[in-house]
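So the chains spell out like this:
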Amino acid sequence: MSCLGNIIWFVFGGFFAGVSWLLAGVFWCITIIGIPIGMQCFKLAQLSFLPFGREIVYGGGAVSLILNIFWLILSGIPLALTHVLFGCLFAITIIGIPFAKQHFKLAKLALMPFGATIV
């Protein structure tokens, strides 16, 4: 079921969600200081392309907190709002509810990506 869900997800919006994470990663990689943040964006783009069948475990320490604060101010809020908007649009129909749940999962991840592990 997760394979079919990922295919439908990719066709109906997952491609654009993944591209938004890739663009954020490219912008962060412009500077040397932002390369670790950009690399995290590339990992999250992979999750955003194919989210079904994967879970996110949150954790981390002080360094993750500091990086999450910088991320939230500079890139996290626009990406999270995009996922929330698409999640609300998909939640209108019964068929779209599984896709809305994935968008809400990605919205939470967009707010605090550092210290999160994809399982």
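What counts, and at which threshold
Residues numbered from 1 in each chain as written. Predicted model: local features only at pLDDT ≥ 70, side-chain atom pairs only at ≥ 80, totals over all residues. Heavy atoms only, no water. Helix = DSSP H or I, 4+ residues; strand = E, 2+ residues; numbered from the N terminus. Buried < 20%, exposed > 50% of the residue type's maximum accessible area, 1.4 Å probe, protein only. Contact = heavy atoms within 4.5 Å. Areas by Shrake-Rupley, 256 points an atom, 1.4 Å probe, with all protein chains shown as cover. Core = buried A, V, L, I, M, F, W, Y, C linked by side-chain atoms within 4.5 Å. Phe/Tyr/Trp six-rings, centres within 6.5 Å; stacked < 30°, edge-to-face > 60°. pLDDT = per-residue confidence, 0-100. Expected span 1.5 Å × (residues − 1).

Asks: Can you help me understand the overall build of the protein in this one?
Replies: The helix and strand inventory of the protein stands at 4 helices and 2 strands. Beginning at the N terminus, the succession of helices and strands in the protein can be written as α-α-β-α-α-β. Expressed along its principal axes, the backbone C-alpha trace of the protein runs to roughly 40 × 25 × 25 Å. Counting the 119 residues in the protein, one finds 39% classified as buried. Considering only contacts in the protein between residues 6 or more positions apart, those separated by 24 or more positions represent 73%. When the accessible area of the protein is evaluated, it comes to approximately 7000 Å², of which 81% is carbon and sulfur surface.

Asks: I tried to follow the nonpolar core on my own but got confused; where do I start?
Replies: Across soluble globular proteins, you tend to see nonpolar side chains buried next to one another. Residues Trp21, Cys41, Trp71, Leu79 and Leu109 are the most contacted members of the largest nonpolar core, which totals 20 residues. For this core, the secondary structure elements donating two or more residues are helix H1 (2-28), helix H2 (35-49), helix H3 (62-90) and helix H4 (97-111). With 5 residues, the top contributor of residues to this core is H2. For tryptophan 21, the contacting residues outside a window of four places in its chain are Cys41, Leu44, Ala45, Ser48, Trp71, Leu79, His83, Leu106, Leu109 and Ala110.

Asks: Help me out: how do you make sense of the packing of aromatic side chains in this one?
Replies: How two aromatic rings sit relative to each other is given by the distance of their centres and the angle of their planes. Scanning the entire structure with this criterion turns up 11 aromatic pairs. Where phenylalanine 15 meets phenylalanine 16, the ring centres are 5.5 Å apart and the plane angle is 75°; that geometry is what we call edge-to-face. Both rings, one in phenylalanine 15 and one in phenylalanine 49, keep their centres 6.4 Å apart while their planes meet at 35°; by these two values the pair is tilted. Here phenylalanine 15, found in helix H1, pairs with phenylalanine 49, found in helix H2; they are 34 residues apart in sequence, far enough to count as distant. For phenylalanine 49, a relative accessible area of 17% puts it in the buried group. Cluster of aromatic residues (ring-pair linked, three or more members): Trp9, Phe52, Phe90 and Phe99.

Asks: Please explain the confidence of the model for the protein as it appears in this structure.
Replies: Atomic detail in the predicted coordinates should be set aside for any region of low pLDDT. In this model, the protein carries a mean pLDDT of 89, and residues with pLDDT of at least 70 account for 99%. Predicted confidence in the protein is weakest over strand E2 (residues 116-118), with a mean pLDDT of 85, and strongest over H4, with 92.

Asks: Is there a simple way to explain H4 in this structure?
Replies: Every α-helical turn comprises 3.6 residues, leaving residues that sit three or four positions apart pointing alike. Look at H4: 21 Å from first C-alpha to last across 15 residues, which is about the 21 Å you get at 1.5 Å a residue. All buried positions along H4 are accounted for by Phe99, Ala100, Gln102, His103, Lys105, Leu106, Ala107, Leu109 and Ala110. Where H4 is buried, its residues meet H1, H2, strand E1 (56-58), H3 and E2.

Asks: It is not clear to me how the side chain of serine 64 should be interpreted in this structure. Could you clarify?
Replies: Relative to the elements of secondary structure, serine 64 occurs in helix H3. The exposure class assigned to serine 64 is buried, which follows from its relative accessible area of 16%. When sequence neighbours within four positions are dropped, the list of residues in contact with serine 64 reads Phe114 and Gly115.

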